[in-house]
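The residues making up each chain are set out below.
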Amino acid sequence: MADRYKNIPDWKADFPIKKTEAGYVARRDFLKVITLFSGIMAAVNVFIPVFNFFHKRKVIKDYFVCNASELKVGTQKTFYVDGDHRNPYMLIRLAEDDWRVYEQKCTHLSCSVIYDHEHGMIECPCHHGFFDAKDGKVLQGPPPRPLPRLNVVVKDGKIFVEDYTYEQQINHKAHS
Ligand code: FES
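Residues numbered from 1 in each chain as written. Predicted model: local features only at pLDDT ≥ 70, side-chain atom pairs only at ≥ 80, totals over all residues.

(A) Region of the structure containing the overall build of the protein chain. A count of helical and extended segments in the protein chain gives three helices and 10 strands. Secondary structure elements of the protein chain, listed N to C terminal, follow the sequence α-α-β-β-β-β-β-β-β-β-β-β-α. Buried residues in the protein chain amount to 15% of all 176 residues. The contacts in the protein chain between residues at least 6 apart in sequence include a share of 34% that link residues at least 24 apart. (Helix = DSSP H or I, 4+ residues; strand = E, 2+ residues; numbered from the N terminus. Buried ≥ 20, exposed ≤ 12 C-beta atoms within 10 Å, placed from the backbone. Contact = placed C-beta atoms within 7 Å.)

(B) Region of interest: the sheet that holds strand 5 (residues 114–116). On the basis of which strands lie adjacent, the open sheet formed by four strands has the order 5-6-7-8 and antiparallel pairing. Of all the strands in the sheet, the pair left with one neighbour each is strand 5 and strand 8 (138–140). The average undirected angle you get between the axes of adjacent strands in this sheet is 35°. Relative to strand 8, strand 7 (residues 129–132) is paired through two bridges, and the arrangement is antiparallel. Among the inter-strand pairings, Phe130 is bridged to a residue of strand 8, identified as Gln140. (Pairing = 2+ DSSP bridges. Axes fitted to C-alpha atoms, helices over the stretch in contact; angles between N-to-C directions.)

(C) Examining the environment of Gly120 more closely. Residue placement: Gly120 occurs in the loop between strand 5 and strand 6 (121–124). A sequence separation of 13 residues divides Gly120 from Ala133, and the C-alpha atoms of the two residues are 5.5 Å apart. When near neighbours in sequence (up to four residues on either side) are disregarded, Gly120 contacts Ala133 and Lys134.

(D) Seen up close, unusual backbone geometry. The backbone of Asp82 sits at a positive phi, close to 55°, despite the residue not being glycine. Looking at the secondary structure, you find Asp82 in the loop between strand 2 (76–80) and strand 3 (88–95). Within the chain, Asp156 stands out as a residue other than glycine whose phi angle is a positive 50°. Among the secondary structure elements, Asp156 is positioned in the loop between strand 9 (149–155) and strand 10 (158–163).

(E) Inspection of the nonpolar core at higher detail. Residues Tyr89, Met90, Leu91, Val101, Tyr102, Val113 and Ile122 are the most contacted members of the largest nonpolar core, which totals 18 residues. Sorting the residues of this core by element identifies strand 3, strand 4 (98–103), strand 6 and strand 10 as the ones contributing at least two each. The greatest single-element share of this core, amounting to four residues, is contributed by strand 3. If we skip the residues at most four places from it in the chain, Met90 touches Gln76, Thr78, Val101, Tyr102, Gln104 and Tyr115. (Core = buried A, V, L, I, M, F, W, Y, C linked by C-beta atoms within 7 Å.)

(F) Expanded view of the pairing of strand 4. Across six bridges, strand 3 lies against strand 4 in antiparallel orientation. Residue pairing for strand 4: Tyr89 is matched across the bridge by Glu103. Counting the residues in the hairpin turn of strand 3 and strand 4 gives two residues. Both strand 4 and strand 9 contribute to a ladder of two bridges, which runs antiparallel. Among the inter-strand pairings, Val101 is bridged to a residue of strand 9, identified as Leu150.

(G) Up close: the sheet that holds strand 9. Read across the sheet, six strands follow the order 1-10-9-4-3-2 without closing on themselves; strand pairing throughout is antiparallel. The sheet is open, and its two edges are formed by strand 1 (63–67) and strand 2, each paired on a single side. Direction aside, the axes of adjacent strands within the sheet are offset by 30° on average.

(H) Region of the structure containing the environment of Glu123. Within the secondary structure, Glu123 sits in strand 6. With 17 residues separating them in the primary sequence, Glu123 and Cys106 have C-alpha atoms 8.8 Å apart.

Any functional reading would require information that these geometric values do not contain.
Pasting the structure below:
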């Protein structure tokens, strides 16, 4: 034991803070933690927009998915654009000439969604969220937003996808 603790009882050496100072120390430590936490939060708030700025998703244009003959009516296929496994997409064949592509992540807590051909819906099994298979809108449950979609282009029996533009959304609303 160090010399300075020689004449001090064991219990006092273990707790070297005076009782009257204990509250002050606790407050000071608490302020340190709060300051550190605020600093971390401020850093995260700066980091996220900067990260998003440098990691914008690439524009999707003429991305080949598969041959149309690979998918029967009523089935789905999962694929990734440019091997980006963070963003799975699902290609759905609603009818002979009717295709849709949506992100396969639920807009609630990102569970993987499943196409239900019989009911014309896309279901999230985690909290029973349901989306309309025709436009991805939320029909029921906790998802806050429709499923993001891509536009499908069929050329010579091949399926290609591209970003679903604002104009396509407007046209879709006008025809539905
Ligand atoms: S994660 Fe899909 S409904 Fe909750």
